[in-house]
Amino acid sequence: MNAPHRLALDGAALAANWQALARLSGTAACGAAVKADGYGLGARAVVTRLLAAGCRDFFVSSWNEARALADLDFASAGATLSVLHGVRDEDMAAARELGARPVLNTPAQVQRWRAAGGWPCDVMVDTGMNRLGVSAADIAAGLLDGVVVDTLMSHLACADEASAMNERQRDRFAALAGRTRAKRMSLANSAGITLGREYHFDLTRPGLALYGGLPVVTLGDAIRPVVRIEAEVLQRRTVAVGESVGYNATWVARAETAVAIVNLGYADGYWRGFSDTGTAFAANVALPVIGRASMDLSDTGTAFAANVALPVIGRVSMDLVALDVSHADVAEGDWVAFDADLPRAAAASGMSQYELVTGLGQRFDRRWRD
Ligand SMILES: *Cc1c(COP(=O)(O)O)cnc(C)c1O
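Residues numbered from 1 in each chain as written. Predicted model: local features only at pLDDT ≥ 70, side-chain atom pairs only at ≥ 80, totals over all residues. Heavy atoms only, no water.

Chemist: Please explain helix α6 (residues 107–115) as it appears in this structure.
Modeler: Spacing of three or four residues puts side chains on the same side of an α-helix, whose turn is 3.6 residues. Along α6, the residues classified as buried are Gln109, Val110 and Trp113. Along the axis of α6, the buried residues cluster in a sector spanning 100 degrees; they form a single face. Looking at the residues trailing α6, positive phi occurs at Gly117, about 130 degrees. (Buried < 20%, exposed > 50% of the residue type's maximum accessible area, 1.4 Å probe, protein only. Helix = DSSP H or I, 4+ residues; strand = E, 2+ residues; numbered from the N terminus. Arc of directions from axis to C-beta.)

Chemist: What exactly am I supposed to notice about the nonpolar core here?
Modeler: The nonpolar side chains of soluble globular proteins are, as a tendency, buried together. Counting residues in hydrophobic clusters, the biggest one holds 96 residues, and the most contacted among them are Phe58, Val336 and Phe338. With sequence-adjacent residues up to four places away left out, Val336 is seen in contact with Ile229, Glu230, Ala231, Val233, Val262, Ala303, Phe304, Ala305, Leu310, Leu323 and Val330. Judged by nonpolar contacts, the second largest core, of eight residues, contains Val245, Ala253, Ile313 and Ala322. (Core = buried A, V, L, I, M, F, W, Y, C linked by side-chain atoms within 4.5 Å. Contact = heavy atoms within 4.5 Å.)

Chemist: Explain the domain arrangement of the chain here, please?
Modeler: How big an interface is tends to be expressed through the accessible area that disappears when the partners come together. Splitting the chain by domain gives domain 1 (31–211) and domain 2 (227–369). Spacing between the C-alpha centres of domain 1 and domain 2 amounts to 39 Å. Counting residues at the interface gives ten residues for domain 1, matched by nine residues for domain 2. Carbon and sulfur atoms supply 66% of the area that domain 1 and domain 2 bury against each other, a total of about 960 Å² over both sides. (Domains from an automatic or database assignment. Buried area = accessible area lost by both parts, 1.4 Å probe.)

Chemist: Help me understand the confidence of the model for the chain in this model?
Modeler: As a note on interpretation, predicted positions should not be read in detail where pLDDT is low. The predicted model of the chain averages 94 in pLDDT, with 94% of residues at 70 or higher. The secondary structure element of the chain with the lowest average pLDDT is strand β15 (residues 279–282), at 44, and the one with the highest is strand β3 (residues 32–33), at 99. Within the model, the stretch residues 279–294 combines pLDDT values under 50 with 28 contacts to residues more than four positions away or in other chains. (pLDDT = per-residue confidence, 0-100.)

Chemist: Which parts of the structure should I look at to understand the side chain of Glu230?
Modeler: Following the sequence through the fold, Glu230 ends up in strand β11 (residues 227–239). At 2.7 Å, the side chain of Glu230 forms a polar contact with the side chain of Arg6. Looking at Glu230, its side chain comes within polar contact range of the side chain of Arg228, at 2.4 Å. Look past the residues within four positions of Glu230 in its chain and what remains in contact with it is His5, Arg6, Ala8, Trp335, Val336 and Ala337. (Polar contact = N/O pair within 3.5 Å; in protein donor to acceptor, adjacent residues only side chain to side chain.)

Chemist: Would you mind going over the layout of surface pockets with me for this structure?
Modeler: Sizing a probe to match a water molecule and rolling it over the atoms shows the empty space that remains. In this structure, the largest pocket spans a volume of roughly 570 Å³. If you trace the largest pocket, you find 32 residues lining it, with Lys35, Met129, Arg131, His155 and Asn189 closest to the centre. Of all elements in the fold, only α2 (35–39) and α9 (190–193) reach the threshold of two or more residues within the lining of the largest pocket. Split into classes, the residues belonging to the lining of the largest pocket amount to 17 nonpolar, ten polar and five charged. (1 Å grid on protein atoms, 1.4 Å probe; cavity = no way out; pocket = protein on both sides within 12 Å on 5 of 7 lines; lining within 4 Å. Points joined across faces, edges and corners; volume = space filled by probe spheres on them. Nonpolar A, V, L, I, M, F, W, Y, C, P; charged D, E, K, R; others polar.)

Chemist: Honestly, the site of the ligand in this entry has me stumped. Any pointers?
Modeler: With respect to spatial proximity, 14 residues lie near the ligand, and among them Lys35, Tyr39, Ser190, Leu208 and Tyr354 are the closest. One nitrogen or oxygen atom from the side chain of Asn189 is found 3.2 Å from an oxygen atom belonging to the ligand. Contact with the protein chains covers 92% of the free accessible surface of the ligand, which is 390 Å². When atoms are counted within 2 Å of each cavity's grid points, the one that captures over half of the ligand is the largest pocket. Partitioned by chemical class, the residues of the shell around the ligand number seven nonpolar, four polar and three charged. (Near = heavy atom within 4 Å. Areas by Shrake-Rupley, 256 points an atom, 1.4 Å probe, with all protein chains shown as cover. Sits in = over half its atoms within 2 Å of the grid points.)

As structure tokens, this is what we get:
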């Protein structure tokens with residue numbers, strides 16, 4: 001039995017996005033962040049396709065995520081998997097068993113790894129984000145002496161902005177070249193790739209852009225959407241003038257309106273921010289908005305039926321959302337497609353593109369084309 005909603009996933013676009021990011025990375029190798037279950041799309045399906053496309057460096061957050069991918073046999077493809085959060089004591093058994101590399105973040109993690117025998121690892125160094133990583137001073141004091149480091153990495157705090165912080169972090173990172181025995185250095189995420197050659201080092205680590213997100217608009221030429229939500233209409237009804245739709249009656253019909261109630265809601269990651277909140281202010285008095293003033297697709301969530309835009313009306317419920325289908329031939333049992341343009345959906349919902357993709361729920365059927 002099929003679910004009443006699905007994710008239409010475009011494997012060719014995923015591969016093309018990785019290839020585009022690899023080209024933009026110049027002479028650096030291009031890896032892939034596949035943490036959070038491949039940003040919500042399904043890590044196993046993503047890794048399989050990116051291995052076929054030529055990607056050899058993969059990143060997850062935890063050993064649980066690494067274990068879920070263990071049978072994919074990275075080694076025989078000449079690929080490796082790195083675990084960004086390093087190793088706790090309770091991770092050591094998995095680290096021994098799974099053959100993934102920890103990204104060591106703290107002096108305690110380095111000591112733990114060294115004590116366990118010290119086979120190859122990666123190391124995160126903090127260059128100003130103050131999130132994860134050992135310090136340059138720790139390294140200068142000999143923290144990594146004798147440690148077999150594959151990739152020394154750092155992470156940019158502001159890569160999606162024109163910020164002086166980028167250059168500062170880059171300079172601090174570049175100053176570590178030759179100070180460790182690391183075979184490679186890696187700094188850039190998706191947005192960092194667009195900052196230019198001086199940010200690429202030996203390996204880039206895109207995530208969001210692989211999945212169709214645009215952390216910076218300039219990537220729009222290179223990156224295609226990968227994921228589209230499709231959902232089935234559960235009921236079509238006609239709402240008379242003055243009648244309301246949904247919780248708290250935030251939307252009131254200005255004209256007789258054809259409404260489709262669709263199998264999708266915030267429990268699926270179709271957030272309440274996509275609602276037509278229906279409130280305007282006149283002289284500080286909240287007034288319900290009657291109907292919709294404009295068809296600006298970034299006002300609220302939008303679905304499409306044969307290229308006709310179907311705006312969300314009223315509040316998004318847990319498992320349901322209402323669409324205005326007055327201008328479309330949409331009946332019970334039909335499927336509609338939701339807007340796959342992530343920057344626009346982010347503007348409409350007030351969520352980040354990262355939250356939109358990683359929040360895609362577990363109830364969807366995930367259907368890959370290619
Ligand atoms: C998640 C992550 C990335 C990928 O970042 P995007 O902004 O999604 O491209 C790269 N490096 C590290 C350390 C990360 O945690």
